[in-house]
Amino acid sequence: AVGDAADGKKLKIAVIPKMLNNPVFGYAEIGAKRAAKQLGNVEIEFTGPPKDDPVQQAAIIDSMVAKGVDGILIACADPDVPRRAIDKAVDAGIPVI
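Let me sum up the structure you'll find in this document. Here the structure is a predicted model, which is why all the values come from computation and not from measurement.

Here is what the cut-offs are and how they apply
- Residues numbered from 1 in each chain as written.
- Predicted model: local features only at pLDDT ≥ 70, side-chain atom pairs only at ≥ 80, totals over all residues.
- Heavy atoms only, no water.
- Helix = DSSP H or I, 4+ residues; strand = E, 2+ residues; numbered from the N terminus.
- Rg over C-alpha atoms; globule rule 2.2 N^0.38 Å.
- Buried < 20%, exposed > 50% of the residue type's maximum accessible area, 1.4 Å probe, protein only.
- Salt bridge = Lys/Arg side-chain N within 4 Å of Asp/Glu carboxyl O.

1. Remarks on the overall build of the protein chain
For the protein chain, the count of helices and strands is 3 helices and 3 strands. Relative to a compact globule of 97 residues, whose C-alpha radius of gyration would be 13 Å, the protein chain shows 13 Å and is just as compact. Expressed along its principal axes, the backbone C-alpha trace of the protein chain runs to roughly 35 × 30 × 15 Å. Within the protein chain, the fraction of its 97 residues that count as buried is 34%.

2. Some remarks on the pattern of salt bridges
Evaluation of the coordinates by the stated rule reveals 5 salt bridges. Here Asp 70 ties to Lys 9 by a salt bridge, and the two come within 3.0 Å at their closest N and O atoms. Highlighted residues: Asp 70 in the loop between α2 (54-67) and β3 (71-74) and Lys 9 in the segment before β1 (11-16), separated in sequence by 61 residues. In this structure Asp 70 comes out as partly exposed when scored by relative accessible area, which is 23%. Judged by its relative accessible area of 37%, Lys 9 is partly exposed.

What follows is the structure in structure tokens.
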């Protein structure tokens, strides 16, 4: 079923918004966690910079790669600043959307 890892483990998905101080991303967190609960085998880690900060966003991507998340969903504050961090995630086999 959707959300099932091949080995039965819980999939860890990082959701990284542009900034946490924008209410629209609060709704994104609610929706992501609701969908994860419905899937049952997905854990959402919702984290991002408190305000629009592409450098901090890139560091958060790096930290999620180090944690070994199974996927990353990101709303980029700047398409160029986090590019290297996104490339490292992809090179590590982590899908990034």
